[in-house]
Amino acid sequence: LTVDHAGKHYGPKHIFSDATFIVTKGEKIGLVGRNGEGKSTMMKMIAQKIQYEGSIKLGHSVMMGYFEQDQEEKLDPKKTVFETIDEAAVGDVRRQVRGLLGSFLFRGDDIDKKVQVLSGGERGRLALCKLLLEPYNFLLMDEPTNHLDIRSKDILKKALIDYEGTVIMVSHDRDFMAGICDRLFEFRDGKVKEHLCGIEEFMQLRKVERLNELDLEKKENREI
């Protein structure tokens, strides 16, 4: 992925500008920063969901999958858990559907449940399972751990660590990002800054214990 002088305005509101970076094959990148600074906006720009300034280009033979914050709402409510995954699976993977569902905690009679009766967490797990089944080599993941319990997060984290493709993710979950992302882009004060480190080093730099403390910092500055 090549991003060159990219930026976004919503009318008179300036979100960020002059973002320039390259993501190479197999990298796992985290987008961090305060809410409202443009992390999800950048994901939409990369996915070509919205208009923007500058240039964003995918490399040759890149197949991109995009997990949005409301991804679980886009599942067909009339289909069963098994049907949802069986339709996404291709080739030899189809023989492994039950095993894949089991790894995302869908076992026994669970696979015959309709999507419409699943809890938010179950739908989130199903949407992630479906995404990881598709033949993508580049994943955009916007807050993928929303609604997931600890065990489900661990399953997803292991899958992403083992994933050989490229990942760009937005997350406020420090523990989830640790060990996955080895390079970060911080959205701050209308700019995008690269950090050649993992999430733990970044948080030491920013002197915060949790990523949502960055939003408290913004609130305190406004009150001053």
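Quantities reported herein were computed from a predicted structural model and do not represent experimental measurements. (Residues numbered from 1 in each chain as written. Predicted model: local features only at pLDDT ≥ 70, side-chain atom pairs only at ≥ 80, totals over all residues. Heavy atoms only, no water.)

**Comments concerning the overall build of the protein**
Move 1: Within the protein one finds eight helices and nine strands.
Move 2: In summary, the protein has a C-alpha radius of gyration of 18 Å against a globular reference of 17 Å for 224 residues, a match within 12%.
Move 3: Along the three orthogonal principal directions, the C-alpha set of the protein runs to about 55 × 40 × 35 Å.
Move 4: Nonlocal contacts in the protein, meaning residues at least 24 apart in sequence, comprise 65% of its contacts between residues at least 6 apart.
Move 5: Accessible surface computed for the protein: about 11700 Å², of which carbon and sulfur atoms make up 49%.
Move 6: Within the protein, the 39 negative side-chain charges are centred at a point lying 2 Å from the centre of the 36 positive side-chain charges. (Helix = DSSP H or I, 4+ residues; strand = E, 2+ residues; numbered from the N terminus. Rg over C-alpha atoms; globule rule 2.2 N^0.38 Å. Contact = heavy atoms within 4.5 Å. Areas by Shrake-Rupley, 256 points an atom, 1.4 Å probe, with all protein chains shown as cover. Lys, Arg positive; Asp, Glu negative; His and termini not counted. Charge placed at Lys NZ, Arg CZ, Asp CG, Glu CD.)

**Side note on the sheet that holds strand S4 (residues 53–57)**
Sheets are built from strands paired through backbone hydrogen bonds, the pairs being either parallel or antiparallel.
Move 1: A sheet is described by the order of its strands in space; here three strands give the open sequence S2-S1-S4, paired in antiparallel fashion. Two strands lie at the open edges of the sheet, namely strand S2 (13–22) and S4, each paired on one side alone. Strand-to-strand twist across the sheet, computed as the mean angle between neighbouring axes with direction ignored, equals 25°.
Move 2: Bridge analysis of strand S1 (residues 2–10) against S4 gives four bridges, and the strand direction is antiparallel. Bridge pairing in S4 places Asp4 opposite Ser55.
Move 3: Lying on the sheet, helix H1 (residues 39–46) is in contact with S1, S2 and S4; it crosses S1 at an angle near 120°. (Pairing = 2+ DSSP bridges. Axes fitted to C-alpha atoms, helices over the stretch in contact; angles between N-to-C directions.)

**So, the pairing of strand S7 (residues 166–170)**
Move 1: Of all the five residues making up S7, five are buried; the element is thus mostly covered by neighbouring parts of the structure.
Move 2: Because side chains alternate across S7, one face comprises the buried residues Thr166, Ile168 and Val170, and the other comprises Val167 and Met169, equally buried.
Move 3: Here strand S3 (residues 28–33) pairs with S7 via four bridges, running parallel. Across the sheet, Leu31 pairs through a bridge with Val170, a residue of S7.
Move 4: Taken together, the five bridges between strand S6 (residues 138–142) and S7 define a ladder with parallel strand orientation. Note that in S7 the partner of Met141 across the bridge is Met169. (Buried < 20%, exposed > 50% of the residue type's maximum accessible area, 1.4 Å probe, protein only.)

**Quick look at the packing of aromatic side chains**
Move 1: Counting across every chain of the model gives two aromatic pairs.
Move 2: Taking 5.4 Å as the distance between ring centres and 80° as the angle between the ring planes, the aromatic pair formed by Phe16 and Phe187 counts as edge-to-face. Residue Phe16 is located in strand S2, and its partner Phe187 is located in strand S8 (residues 183–188); the two are separated by 171 residues in the primary sequence. Residue Phe16 shares its accessibility class with Phe187, and that shared class is buried.
Move 3: One cation-aromatic arrangement involves Lys8 over Tyr10; the distance from NZ or CZ to the ring centre is 4.8 Å.
Move 4: Between the NZ or CZ atom of Arg125 and the centre of the ring of Phe106, over which it lies, the distance is 4.9 Å. (Phe/Tyr/Trp six-rings, centres within 6.5 Å; stacked < 30°, edge-to-face > 60°. Lys NZ or Arg CZ within 6 Å of the ring centre and 35° of its normal.)

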